[in-house]
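# Breakdown of the fold
The lines below spell out each chain.
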Amino acid sequence: MEQIHLNLLIKNFQPSLIRAMLPEYTFKELEITIQKEWEKGKIFEASEDTSKKKFYALCMFPYPSGKLHMGHVRNYAIGDVISRFKRLNGFNVMQPMGWDAFGLPAENAAIKNNTAPDKWTYENIAQMKNQLKQLGLAIDWGREIATCDSSYYKWEQWLFIQLYKQGLIYKKTSMVNWDPVDQTVLANEQVIDGRGWRSGELVERKEIPQYFMKITDYAEDLLDGLDGLNEWPEQVKTMQKNWIGKSIGCEVDFTLADSEGIIKVYTTRPDTLMGATYLAIAPEHKISIGLANNNEDINNFIIECKKIGVAEADIATAEKKGIFSGIYAKHPLTGKNIPIWIANYVLINYGEGAVMAVPFHDARDFEFAKKYNLTMTKVVDSEFSNEDEVYLGDGKLINSDEFNGLPSLEAKKVITAKLEALSQGRKKIQYRLRDWGVSRQRFWGCPIPMIKCSKCGDVPEAEENLPIKLPAGISIDASGSPLKKLQSFLNCLCPLCGSSATRETDTLDTFFESSWYFARYASFDQDKKMLDERVNYWLPVDYYIGGIEHAILHLLYARFFNRLLYDLKLTNTKEPFHKLLTQGMVLKDGTKMSKSKGNTVDPQDLIDRYGADTARLFIMFAAPAEQSLEWSDEGIEGSHRFLKKLWKLVHEFLEHTEVQELESNNEGAQQLQYKLNATIEKVTDDLERRTSFNTAISSIMELMNMLIKANQIKAIDLVLRKEVLDKMLILLSPFVPHITKYLWEKINKNKVFEDQLWPSVDRAALIKDETTLVIQVNGKLKANMIISVAMPEESIKEAVLKLESVAKLVDQKKIKKIIYVKNKLVNIVI
RNA sequence: GCCGGGAUGGCGGAACUGGUAGACGCACGGGAUUCAAAAUCCCGCGCUAGCAAUAGCGUGUCGGUUCGAUUCCGACUCUCGGCACCA
């Protein structure tokens, strides 16, 4: 309707013959000028005035790889839109920025380019900071932190010592990927098809002593906490829940048949116990290792198993292999001997490193039993299962002696109770979550503040000696951490006995740094303690934005750390992140962009060619924030064109300063008023509730298209045109802050854009007295009808049946029913 | 292998609570303007048949629920992310 009306008028419109020269949209100069203004006016410095309502907007801080990539642009554009929107809504916004500066790439670059990791990292930070500034983000740069700075990692050394003293950090041995040629530990990423990426040699699993954090002590609390996270995506909460993997099952003791000792297994299916036909134990199980001493075949098998890396995905997808151990265990209920197999699919770090195998009711056991021709007994009956198929569901027990006929749920209880009575087993709550290994055999990380004393053992460093600084300017090679050979670092005195001792040379997992940086931003300049009372004003983070790839590890560790800080009374909030937005990945050629794959797209080209506003607008418009985005250069022109149109529109408005006498309540004006207010409502809702930025932008585009048409016919007076422009510029400003500030201040001389507030909706302008009704016959669209909203249902139905397109279909046929959805649709069923 | 997502025109996507599939933008085609081009403006644009009015088909595949399904349910295919040392 609206379209037709305006189009008719346009046909009669004579374009003016004289058109003044428009100034060109010189985005580069404009953006630099405006960024300087922001910096000079300290516009984005967060106030510490705690009487103001605060909003803490945070994007996951970047690893300083040296160059911005599209994922960064997407992340920081989203964060900036939200923080600018909140600022316009009157909040005291803090949007800080920092650098997740420790990590593997610095070492790789150092080896490759023969530079020191610290030098490389700080150069990268300078470069990326320069790029980020070009994006025009509303960041409080005064709070910048870099995790490789000793003023930051000093506090995690301090924290490490507190937790060690509390028993929340302990030492045990665990597996790493060992490159036998380079004699160094490899990250999973550095193992390609089972081989070291540099040496090309088959990697081996090796067991070494490492420090662990007792995250499992917090498993239940971390699980419980998920329920309160109402502003987190369900998807992320589900993933974390499954990762923690709480299960209620049964621990069963199988005694060895011919020697002393028991094998404990954990099972969530005690109801299938009578179908357990063999035991499978991990190659690293102490019984396996014991047997290997006297048995060449077993020893060889275990060595063979070690050739699979430590990554769970590799273990799970490897071909299932096993070897008979030669020994038997007694079934706790039947007393029968069942064979014990050593199997590569049993994980040493889950449960007890041993499973009771029930081939008919577990897919892995089934595959294994088929391969080695092991006995299978079906113990759960189901109408859905075939004779020779694995059945994972519940059902009634069969082939289970006294338990026959019991349903699974009941059988679980009864069999567990029986085992308990026999002292052969017990109910057990088990978590899939494992303690967090934090030791890394690397140079470029936070030194673990422990000292090895030949008399006192492992001793934490004295707090007054912190920070233990990583030596500067050290160049490294492929042979592992230089700390191991660096006497100036190694030599120290034992804090307990004073005798000479050596430092721990392992450094911390870099997830350690990213687990508390959000709190440090609030106490960025505090050098007396880790955190101060300001964290209680700023925390929790109100809106946290980052890639979906961090859904489990980073976000779980950060939640865990925040609980540690809470228990140490350093913060008074348990959960660190109130609302979470997990942006989708920016993909290129269908896969994650990464340096190692060499498929990165450089956003600098876009910024140079089109400006930051265009780059920001395009990445926000191209796809919903939470979906992955397949990158394509096409389409950026459209976003740039939109900004050029906006530029032209405002400048044309500025030319026509003579007052135009026009009725302000003509039909075109009413339609424009309606559209303006509908757009304000839509954009507000999209930003506040729906986090749907692409649709917010498209609705502003619609508004602008309508205003352009209205301008051409000059049917709209200058007051309304200015109102629409003013408000439209504010709606658009979170996305494209430079051009909107510039144009808004052009229209509103002597006023400052930053003093403005988000526009409110004029409800009166949104009242409509007519609406379009959809007419269907048997659910298929046949016609439209404009009705008055006041029209009663009966009259509507009558009118619909009289419509020609309806009448000819209905004809003589019997009408079964008529469905009427108020102000929306009529469906005639014949 | 396990856990969690995704699939809609030539392309990116929209349709919010089961109610007009394709908003907005890109690409493309036609026209205006121009000496010409770029830029800009106007019109068209799911597929098939038809001069047209119109009809049929159409949201990864197969099936179900419903007056009505992109939306809900079941099974599957492909694809992306994570799997504890990439960050």
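Residues numbered from 1 in each chain as written. Chains lettered and ligands numbered in written order. Predicted model: local features only at pLDDT ≥ 70, side-chain atom pairs only at ≥ 80, totals over all residues. Heavy atoms only, no water.

### Concerning unusual backbone geometry
Going from Leu466 to Pro467, the amide bond is cis rather than trans, its omega being 0°. Position of Pro467 among the secondary structure elements: in the loop between β22 (457-460) and α14 (487-490). Cis rather than trans, the peptide bond between Leu539 and Pro540 has omega equal to 0°. Of note, Pro540 is situated in the loop between α17 (534-538) and β26 (541-547). One non-glycine residue, Gln183, lies in positive phi territory at about 55°. Tracing the backbone through its elements, the reader meets Gln183 in the loop between β5 (169-179) and β6 (184-186). For Gln183, a relative accessible area of 49% corresponds to the partly exposed category. Its identity is not glycine, yet Lys569 carries a phi of approximately 60°, on the positive side. Counting through the fold element by element, Lys569 comes out in the loop between α18 (553-567) and β27 (577-583). (Helix = DSSP H or I, 4+ residues; strand = E, 2+ residues; numbered from the N terminus. Buried < 20%, exposed > 50% of the residue type's maximum accessible area, 1.4 Å probe, protein only.)

### So, helix α22 (residues 667-690)
End to end, α22 covers 32 Å across 24 residues, agreeing with the expected 34 Å (1.5 Å per residue, within 8%). Looking only at α22, the buried set comprises Gly668, Ala669, Gln671, Leu672, Lys675, Leu676, Asn677, Thr679, Ile680, Val683, Asp686 and Leu687. Note on α22: the residue one or two positions beyond its end, Thr691, has a positive phi of about 40°. (Expected span 1.5 Å × (residues − 1).)

### As for the confidence of the model for chain A
Looking at chain A as a whole, the pLDDT averages 91, with 94% of positions reaching at least 70. Note that residues 1-19 has pLDDT below 50 and, in this model, 19 contacts with residues that lie over four places away or in other chains. Reported confidence for the predicted complex is 0.96 by ipTM and 0.93 by pTM. (pLDDT = per-residue confidence, 0-100. Contact = heavy atoms within 4.5 Å.)

### A look at the protein's contact with RNA strand B
Neighbouring RNA strand B are 69 residues; Arg440, Arg442, Ala622, Arg641 and Asn827 lie closest to it. Those atoms of RNA strand B that come within 4 Å of the protein belong to sugar or phosphate at a rate of 59%. Between a phosphate oxygen of RNA strand B and a side-chain N or O atom of Arg641, the distance comes to 2.5 Å. Counting residues per element, the surface near RNA strand B draws most heavily on helix α23 (residues 693-713), at six residues. The residue inventory of the surface near RNA strand B, partitioned by class, reads 25 nonpolar, 23 polar and 21 charged. (Near = heavy atom within 4 Å. Polar contact = N/O pair within 3.5 Å; in protein donor to acceptor, adjacent residues only side chain to side chain. Nonpolar A, V, L, I, M, F, W, Y, C, P; charged D, E, K, R; others polar.)

### Concerning the sheet that holds strand β30 (residues 629-630)
Taken in spatial order, the three strands line up as β29-β28-β30 in an open sheet, and their pairing is mixed. A single partner strand is all that each edge strand has here, and the edge strands are β29 (591-592) and β30. Pairing of strand β28 (residues 586-588) with β30 involves two bridges; the strand directions are parallel. Bridged to Leu587 within β30 is Glu630. (Pairing = 2+ DSSP bridges.)

### What to know about the environment of Gly405
Inspection of the secondary structure assignment puts Gly405 in the loop between β17 (396-397) and α13 (408-421). A relative accessible area of 35% places Gly405 in the partly exposed class. Taking C-alpha positions, Gly405 is 68 Å from Glu464, a pair spaced 59 residues apart along the chain. Among residues more than four places away in sequence, those in contact with Gly405 are Lys396 and Leu397.

### Structural notes on empty space enclosed by the protein
Throughout the structure, instances matching the rule amount to three cavities of 30 Å³ or more. If you add up the space inside the largest cavity, you get close to 200 Å³. Lining the largest cavity are 20 residues; nearest its centre among them are Glu107, Ile111, Thr184, Arg442 and Ala478. At the level of elements, α4 (104-113) and β6 are the ones that each hand at least two residues to the lining of the largest cavity. With four residues, the single largest contributor to the lining of the largest cavity is α4. Its residues placed into classes, the lining of the largest cavity shows nine nonpolar, six polar and five charged. Roughly 100 Å³ of volume is contained in the second largest cavity. Phe44, Arg84, Arg87, Leu88, Ser733, Pro734, Phe753 and Glu754 together form the lining of the second largest cavity. Tallied by class, residues from the lining of the second largest cavity come to four nonpolar, one polar and three charged. (1 Å grid on protein atoms, 1.4 Å probe; cavity = no way out; pocket = protein on both sides within 12 Å on 5 of 7 lines; lining within 4 Å. Points joined across faces, edges and corners; volume = space filled by probe spheres on them.)

### Quick look at the packing of aromatic side chains
One pass over the full model with this rule turns up 39 aromatic pairs. For the pair Tyr537 and Trp538, a centre-to-centre distance of 4.7 Å together with 65° between the ring planes defines the contact as edge-to-face. Judged by relative accessible area, Trp538 falls into the buried class, the value being 0%. With a centroid separation of 6.4 Å and an interplanar angle of 85°, the aromatic rings of Phe560 and Phe561 are classed as edge-to-face. For the pair shown, Phe560 and Phe561 are each scored as buried. An aromatic cluster of at least three residues, connected via ring pairs, comprises Tyr218, Trp436, Phe511, Phe512, Tyr557, Phe560 and Phe561. (Phe/Tyr/Trp six-rings, centres within 6.5 Å; stacked < 30°, edge-to-face > 60°.)

### Describing the pairing of β22
As judged from the four bridges shared by strand β21 (residues 450-453) and β22, these two strands associate in the antiparallel manner. Bridge pairing in β22 links Met450 to Pro460. Between β21 and β22, which pair antiparallel in sequence order, lie three residues.

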